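Here's the letter readout for the chains.
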Amino acid sequence: MIDGSRTINSKAVYSRQEAAELLGVSLSTLKKLIDAGYLRISRPAGVRRIFIQGSSILEMLDQTSIERQA
């Protein structure tokens, strides 16, 4: 669940824009997360668009922690 209103479905496939909105980040931040290996993507042959599985988003959220300023 993200920000109390949206649920990430582990079996769903999201566009970059949808994934960024779910995570509350910009597309450039999402690209950095992908480039750093935090998110796995799929790109069907012959298609420019990339897709991100909900399970990848959930795994990233489970494996990362937010550092809070005291």
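Turning next to helix H1 (residues 16–23). Taken together, the buried positions of H1 are Ala19, Ala20, Leu22 and Leu23. Viewed along the axis of H1, the buried residues span an arc of 160°, placing them on a single side of the element. Tucked inside the fold, the buried residues of H1 contact strand E1 (13–15), helix H2 (27–35), strand E3 (51–53) and helix H3 (54–63). Just downstream of H1, Gly24 is the residue with a positive phi angle, here 70°.

Running from N to C, H1 and H2 cross one another at 100°; their axes reach a closest spacing of 9 Å. Compared by their axis directions, H1 and H2 come out roughly perpendicular. Of the residues in H2, those touching H1 at Arg16, Gln17, Ala19, Ala20 and Leu23 are Leu27, Leu30 and Leu33. Its residues placed into classes, the contact of H1 with H2 shows six nonpolar, one polar and one charged.

The rules we used
Residues numbered from 1 in each chain as written. Predicted model: local features only at pLDDT ≥ 70, side-chain atom pairs only at ≥ 80, totals over all residues. Heavy atoms only, no water. Buried < 20%, exposed > 50% of the residue type's maximum accessible area, 1.4 Å probe, protein only. Helix = DSSP H or I, 4+ residues; strand = E, 2+ residues; numbered from the N terminus. Arc of directions from axis to C-beta. Contact = heavy atoms within 4.5 Å. Axes fitted to C-alpha atoms, helices over the stretch in contact; angles between N-to-C directions. Parallel < 35°, antiparallel > 145°, perpendicular 65-115°, else oblique. Nonpolar A, V, L, I, M, F, W, Y, C, P; charged D, E, K, R; others polar.

Just geometry here; none of it tells us what the structure is for.
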